[in-house]
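Listed below are the residues making up each chain.
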Amino acid sequence: MTPPSSSSPHQPVGEVPDVGDVGDVRDDRQSGNGDKRALVLAGAGAAGNAWELGLVAGLAEAGVDVTDAELVIGTSAGSTVAAQLTSGTPPADLYAAILAEVPPSPAGGAGPGAGRPPRVSGPDYLDWSNKIIAAAEDAADMRRRMGAAALELDASGGSGGSGGTRWRDIVASRLPSPHWPQQRVLLTAVNAHTGEPVVFDRHSGVDLVDAVAASTSAMTPYPIGAHRYINGGYRRSENADLAAGYGRVLILSPFSGRTRMPLEWGMDLATQVVELRAGGSRVETVFPDERSGDVFGANALDPSTRLPAARGGYDQGRARAGALRGFWL
């Protein structure tokens, strides 16, 4: 199932090539992409994953297929969506699978420490991370502090590395294919040891499953070789800036562009949109509307939010298709 050229979490590897060194990624893309489209998929737990899949399925049903984007960027739960949408599985099938899910008991688990039942709740995660954000001097300091806190939490948990294996199995079960697509996909994470942003793609020497597991890891870091990685949302909220140079950029933001970071850090979506437009990109954003209900808060990690979020996203996608058709097609 796993391509022999890739590395599993337990194989010793050097530092993952930092495709996500922001300068390198942007410079590589800025020439010749003015007529191409980028799809940006932000994170928001179980609810965000379901809303994005529902929205894309609704758009496709109404004749606007955004899965043919030349670039797909995934962050946290959005990295799972990116892998699902680029697997060749029709959006309608991914949406139908959510409708067929048996709702699990209320939880909120995320990250390598998540077992059954998960030990991480949305409120606990917010309380833990909010304290770290409040103590940080800037975005780089926040990432270093977040990584150090995650490593400390992992060391005190006594999982002996089994948490990463469990999380990998959970992530793998959600993906239609374990292989990177030929389509350009960028998945974000942060090196827990250094606080440096990382962006994985099919040239990084890392399995797709591991890249998604790293991007979705929350309070405990995910192991790839000798390194540990935490959630890609700590790089920037939506990471839409990675689409710099693309002519049209469609951003799906389940948290409606909200951020817990100080605005002066420039991690918020509004700042990223300004940057993209200043560089010549046309940008459209889509936020959840009332059809999904109140599921994009502290309870977004709760799997019981998936059904209303998916249905709301699907209806919203069908309704929004007319407005997006001229932009995308």
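Bear in mind the structure is a predicted one, so any value in this text is a computation, not a measurement.

Chemist: Can you walk me through the overall build of the protein chain in this structure?
Modeler: Regarding its fold elements, the protein chain presents 10 helices and eight strands. Taking all 329 residues of the protein chain together, 56% fall into the buried category. Counting contacts in the protein chain only where the partners sit at least 6 residues apart, residues at least 24 apart contribute 81% of the total. Taken as a whole, the protein chain presents about 13000 Å² of accessible surface, with 52% of it coming from carbon and sulfur.

Chemist: Would you mind going over the nonpolar core with me for this structure?
Modeler: Across soluble globular proteins, nonpolar side chains show a tendency to be buried alongside one another. Membership of the largest hydrophobic core comes to 55 residues, with the highest contact counts inside it found for Leu39, Phe200, Leu250 and Leu252. Counting residues per element, this core draws most heavily on helix H2 (residues 45-61), at eight residues. Filtering out sequence-adjacent residues up to four positions away, Leu250 remains in contact with Ala38, Leu39, Val40, Val66, Glu284, Val286, Leu324, Phe327 and Trp328. Core analysis: the next-biggest nonpolar cluster, separate from the first, contains 19 residues, Ala139, Met146, Ala218 and Met267 among them.

Chemist: Would you explain the environment of Ser253 in this entry?
Modeler: Mapped onto the elements of the fold, Ser253 is located in the loop between strand E7 (248-252) and helix H9 (269-278). Judged by its relative accessible area of 1%, Ser253 is buried. Placed 205 residues apart in sequence, Ser253 and Gly48 show a C-alpha to C-alpha distance of 8.2 Å. If we ignore the near neighbours within four places in the chain, the residues touching Ser253 are Ala42, Trp51, Glu238, Leu269, Val286, Phe287 and Pro288. Among the polar contacts listed, one links the side chain of Ser253 to the side chain of Glu238, at a separation of 2.9 Å.

Chemist: In this structure, what is going on with the pattern of salt bridges? I would like to understand it.
Modeler: Close approach of charged atoms allows side chains with opposite charge to pair. Under the definition given, this model contains 14 salt bridges. For Asp68, the salt bridge goes to Arg37, with nearest N and O atoms at 3.5 Å. In this pair, Asp68 sits in the loop between H2 and strand E2 (71-74) while Arg37 sits in strand E1 (residues 37-41), placing the two residues 31 residues apart along the sequence. Note that Arg145 is salt-bridged to Asp141, the shortest N-O span being 2.8 Å. Of this pair, Arg145 and Asp141 are both found in helix H6 (residues 139-157), four residues apart, which corresponds to roughly one turn of the helix. Since its relative accessible area comes to 12%, Asp141 is described here as buried.

Chemist: It is not clear to me how the pairing of strand E4 (residues 197-200) should be interpreted in this structure. Could you clarify?
Modeler: The side chains of a regular strand alternate, residue by residue, between the two faces of the sheet. Along E4, one buried face is formed by Pro197 and Val199 and the opposite face, lined by Val198 and Phe200, is buried too. Sheet topology places strand E3 (residues 184-191) next to E4; four bridges connect them, and they run antiparallel. Note that in E4 the partner of Leu187 across the bridge is Phe200. Connecting the antiparallel pair E3 and E4 is a turn made up of five residues, with Gly195 showing a positive phi of about 80 degrees.

Rules of the game
- Residues numbered from 1 in each chain as written.
- Predicted model: local features only at pLDDT ≥ 70, side-chain atom pairs only at ≥ 80, totals over all residues.
- Heavy atoms only, no water.
- Helix = DSSP H or I, 4+ residues; strand = E, 2+ residues; numbered from the N terminus.
- Buried < 20%, exposed > 50% of the residue type's maximum accessible area, 1.4 Å probe, protein only.
- Contact = heavy atoms within 4.5 Å.
- Areas by Shrake-Rupley, 256 points an atom, 1.4 Å probe, with all protein chains shown as cover.
- Core = buried A, V, L, I, M, F, W, Y, C linked by side-chain atoms within 4.5 Å.
- Polar contact = N/O pair within 3.5 Å; in protein donor to acceptor, adjacent residues only side chain to side chain.
- Salt bridge = Lys/Arg side-chain N within 4 Å of Asp/Glu carboxyl O.
- Pairing = 2+ DSSP bridges.

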